[in-house]
Amino acid sequence: MNFAVAVFSFNRGTHLRNCLHSIEQGWPGVSLHLVDDGSDDPEVAQVLAEYANRAQVERVDVLNKSKNGNLYRNMQRVYERLSDDTLLVCLQDDTQLTRTVTDADRAEIVDYLDANPGSAILSPAFQRGTISARALSDLQYDSAHHMYFFNRPSPKVAGMHYSDVAMFHVGRLRQAQWRFIEDEFANDKQARDLFGKMAYLPCPWAMWVPNAPAYRNRAKTLAWRLGERWSRSGLYPFELMASAKVDAMRVRDFEADKPVADRFLTLAGGRELPHPWAYDPLKRWRILRRLNEFEEWIKRVRKALGF
C-alpha cells in the first residue's frame with residue numbers, strides 16, 4: 001500500500017511550518033500534498049514557496065465562509081487524484097507528527113485493513129486531555145484487533161466513525177462512492193453507514209498542538225480574540241518522542257493506560273501550559289462563550305435582514 005500525507009492550511013504560517021517540519025523529521029520521503037485555503041498570512045505564502053519542489057502544493061482562492069472554509073472540498077480534491085492502493089493521511093496546520101512513523105507502524109495499519117475489508121478510516125491521533133472521564137471510558141481497547149474503538153450508543157459528536165484528522169483508504173472510499181460533506185458530524189454519520197467504527201491506533205503518532213489560534217467562518221469574534229489573548233495562544237509544538245518513550249508506549253497496559261496526549265507527550269523547549277492542554281480558547285471562560293454566542297446570533301440576524 002502507498003501512503004500519502006495531505007496538510008490543509010489557513011492563515012497559520014508558523015504552525016504550518018512546524019507541521020511540515022515534523023513530517024520531514026518523522027516521515028521523510030512520504031508523498032506530501034499541501035493545500036492552502038486562500039491565506040493572506042505572508043508566512044504561509046513563504047512556506048508554500050519553500051515547499052513547491054518538495055510537495056504537491058495547491059492554493060485555493062474560492063471564498064467559502066462556512067465554519068471550516070473549503071476544508072472538505074480540499075480533502076475531496078486530494079482524495080480524487082490518488083490511486084486506489086493509497087492510504088491518505090489528512091493533517092491540518094495545527095497538528096504535527098509526534099514521533100517517527102516506522103515500517104512496523106505502517107505494517108500494523110496494513111494488517112488491520114487486510115483483516116477488516118469493511119473498514120476504511122483510522123485515526124493516528126492521541127486523545128485530548130480535555131476528554132471527559134465518561135468519554136474516555138467509552139474508548140475501549142480491542143485486543144483481537146490491537147486497536148481502540150469508541151463504544152458510544154448515541155454519539156452526539158463526531159469521532160466514533162470519522163475525524164477530519166484521520167487516515168482514509170482511497171480505494172474503499174471510492175468503491176463506496178464517498179464524498180466529503182461540509183460538516184464533520186455529517187461525515188461521521190456517513191462513515192457509520194458505510195464503514196462502521198473508526199479504529200484508533202494503540203500507539204499514535206499525530207496530535208493537535210495546544211493553544212493554537214483558530215478561525216470560525218474565516219473570521220474571529222471579539223470573544224474569540226479575547227480568549228486567545230487570555231489563554232496565550234501561540235505555537236506550542238511537541239518534542240518528537242524519543243525511542244525509549246516509544247518503546248515504553250508499545251509495551252504498556254493498553255486497557256488501563258489510554259493514549260491521552262498529556263500523558264505521553266512533552267512540549268518542546270521545556271515550555272509549560274496548564275493541564276489539561278486547551279484546544280478551544282473559550283473553554284475556560286463561560287463569559288466569553290456567552291459573548292461569542294451573542295456575537296454569532298447578531299451575525300445571523302443581520303444576515304437574515306440582509307445587512
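The structure under discussion appears in the preceding block.
Here is what the cut-offs are and how they apply
- Sequence order as written defines residue numbering, which begins from 1 separately in each chain.
- Given that this is a predicted model, residues contribute local features only at a pLDDT of at least 70 and side-chain atom pairs are listed and counted only at 80 or more, while totals for whole chains, interfaces and linings are drawn from all residues.
- Just so you know, side-chain values use all the structure's heavy atoms and leave hydrogens and water out.
- By salt bridge we mean one thing: a side-chain nitrogen of Lys or Arg within 4 Å of a carboxyl oxygen of Asp or Glu.
- Per-residue accessibility, obtained with a 1.4 Å probe over protein chains only, is compared with the maximum for each type, and a residue is labelled buried under 20%, exposed over 50%, and partly exposed between these values.
- Runs of H or I in DSSP of at least four residues are treated as helices and runs of E of at least two as strands, each being numbered from the N terminus.
- DSSP calls a pair of strands paired once it identifies at least 2 bridges connecting them.
- Distance and chemistry together define a polar contact, namely a pair of N or O atoms within 3.5 Å, with one atom able to donate a hydrogen and the other to accept it when in protein, and with adjacent residues in sequence counting only for side-chain atoms on both sides.
- Should any heavy atoms of two residues lie within 4.5 Å, those residues are counted as being in contact.
- Buried residues of nine kinds, namely Ala, Val, Leu, Ile, Met, Phe, Trp, Tyr and Cys, make up a nonpolar core once their side-chain atoms join them within 4.5 Å.

Novice: Tell me what's going on with the pattern of salt bridges, and back it up with residues and numbers.
Specialist: Taken as a whole and judged by the stated rule, the model has 17 salt bridges. The salt bridge involving D193 is made with R192; its shortest N-O contact spans 3.2 Å. By relative accessible area, which is 57% here, D193 ends up exposed. Under the relative-accessibility criterion, R192 is labelled partly exposed at 42%. A salt bridge links R263 to D257; the nearest nitrogen and oxygen atoms lie 2.8 Å apart. What makes R263 partly exposed here is its relative accessible area of 49%. Members of the salt-bridge network, linked through shared partners, are R12, D93 and D94.

Novice: Residues and numbers for the environment of Y148, please.
Specialist: You can see Y148 is positioned in strand β8 (residues 147-150). Put simply, Y148 and P202 are 54 residues apart on the chain and 6.3 Å apart in space, counted from C-alpha to C-alpha.

Novice: Could you give me a rundown of the pairing of strand β9 (residues 166-169), with the residues and numbers involved?
Specialist: With burial as the criterion, each face of β9 is covered, one bearing A166 and F168 and the other bearing M167 and H169. As paired strands, strand β4 (residues 86-92) and β9 are joined by four bridges and run antiparallel to one another. Bridging from a neighbouring strand, L88 pairs with F168 of β9.

Novice: So what's going on with the side chain of S9? Which residues, and what values?
Specialist: For S9, the position within the fold is in strand β1 (residues 2-9). Overall, S9 belongs to the buried group, its relative accessible area being 4%. Polar contacts involving the side chain of S9 include one to the side chain of D36, which spans 2.7 Å. Ignoring anything within four residues of it in the chain, the contact list for S9 reads L16, L34, V35, D36, D37, S39, V44 and D93.

Novice: Any details on the nonpolar core? Residues and values, ideally.
Specialist: One finds V7, I23, L91, I121 and W205 to be the most contacted residues of the largest nonpolar core, which totals 85 residues. With six residues, β1 is the single largest residue contributor to this core. Not counting residues within four places of it along the chain, the set of residues in contact with L91 comprises V5, A6, V7, F8, C19, I23, L97, V165 and A206. With five residues, the next largest nonpolar core counts A214, A223, L282 and L288 among its residues.

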